[in-house]
Amino acid sequence: MLMKKKYAICGVSGRALGMFAKPILTTYAPRCELVALLDTDPERFELFRTRFPEHSATAVYGEEEFDRMIEETKPDVVIVAGRDDTHARYIVAALEHDRDVITEKPMVTTGADARRVLEAERASKGNVTVTFNYRYAPVHDKIKEMVWE
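Bear in mind that the values here come from a model prediction, so they are computed numbers and not experimental data.

**Points about the overall build of the protein**
Helices and strands together make up the secondary structure of the protein, namely six helices and six strands. Relative to the 2.2 N^0.38 estimate, which gives 15 Å for 149 residues, the radius of gyration of the protein is 16 Å and therefore close to what a compact globule would have. In terms of principal-axis extent, the alpha carbons of the protein reach across some 55 × 40 × 35 Å. When the 149 residues of the protein are sorted by exposure, 40% land in the buried category.

Structural data, given as C-alpha cells:
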C-alpha cells in the first residue's frame, strides 16, 4: 500500500490555493494529502472551503499554533506561501521539527533570516526547496515565444 505524503500550508493566499492546494487535492491526491492550513486571517479558511468544499474538514490553525499543527497533523512537508516577512519564522520552525519545507521566493527578506534558515537546515533532517512558480505563467511563455521567433 502506497503511503501518502502529508502536507501543511502556512499562508492561505490565492497563490497557495492555486499553486499548491489544488494540485495536492486533485492531480496528486493518490499520493498526497493536505492535512492542515495555517493563517493569520480566518476568512482565508472560508475561501479554501468555498473553493474545495469536499475538503472542508481539513484542519485549520491560527498564526501562533504552528507547533500544535505539527503535533496534531504530523505533516511530512510544510509549504510556506504567506507574506514574505513570515517565511523565515515558519521555515525555521518546520526545520526544528525535522520537516521538509517548500517555500515561495523570496525564501526570506533579510540576510540575518537567510543565515537563520541555513543554520536551521544544517541542524535539521529536513531540507528547504525554494520555488519560483511564476516563470511558467502563460504570459511569460508567450514572451519567450515572441523573443525566440
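**Some details on the side chain of Ser13**
Along the polypeptide, Ser13 turns up in the loop between β1 (5–10) and α1 (14–25). On the basis of relative accessible area, Ser13 is assigned to the buried category, the value being 17%. There is a polar contact of 3.0 Å between the side chain of Ser13 and the backbone nitrogen of Ala16. Excluding residues that lie within four positions of it along the chain, Ser13 makes contacts with Arg44 and Ala81.

**As for the nonpolar core**
In this structure, Phe66 and Met69 are the most contacted members of the largest nonpolar core, which totals 23 residues. Counting only elements with at least two residues in this core, the list comes to β1, β2 (32–39), α3 (66–73), β4 (77–80), α4 (87–96) and α5 (111–123). In this structure, Met69 is in contact with Ala8, Cys10, Ala36, Leu38, Tyr61, Lys74 and Pro75, ignoring residues within four places of it in sequence. Counting residues in hydrophobic clusters, the runner-up holds 18 residues, among them Leu17, Phe20, Ile24 and Ile79.

**Points about α4**
Of all 10 residues in α4, eight are buried; the element is thus mostly enclosed. What α4 keeps buried is the set His87, Ala88, Tyr90, Ile91, Val92, Ala93, Ala94 and Leu95. Looking at the residues trailing α4, positive phi occurs at Asp98, about 60°.

**Overview of the side chain of Thr103**
Among the secondary structure elements, Thr103 is positioned in strand β5 (residues 100–104). Taking relative accessible area as the criterion, Thr103 reaches 0% and is therefore assigned buried. Apart from the residues lying within four places of it in its own chain, the contact partners of Thr103 are Val80, His87, Ile91, Val128, Thr129, Val130 and Thr131.

Conventions used here
- Residues numbered from 1 in each chain as written.
- Predicted model: local features only at pLDDT ≥ 70, side-chain atom pairs only at ≥ 80, totals over all residues.
- Heavy atoms only, no water.
- Helix = DSSP H or I, 4+ residues; strand = E, 2+ residues; numbered from the N terminus.
- Rg over C-alpha atoms; globule rule 2.2 N^0.38 Å.
- Buried < 20%, exposed > 50% of the residue type's maximum accessible area, 1.4 Å probe, protein only.
- Polar contact = N/O pair within 3.5 Å; in protein donor to acceptor, adjacent residues only side chain to side chain.
- Contact = heavy atoms within 4.5 Å.
- Core = buried A, V, L, I, M, F, W, Y, C linked by side-chain atoms within 4.5 Å.

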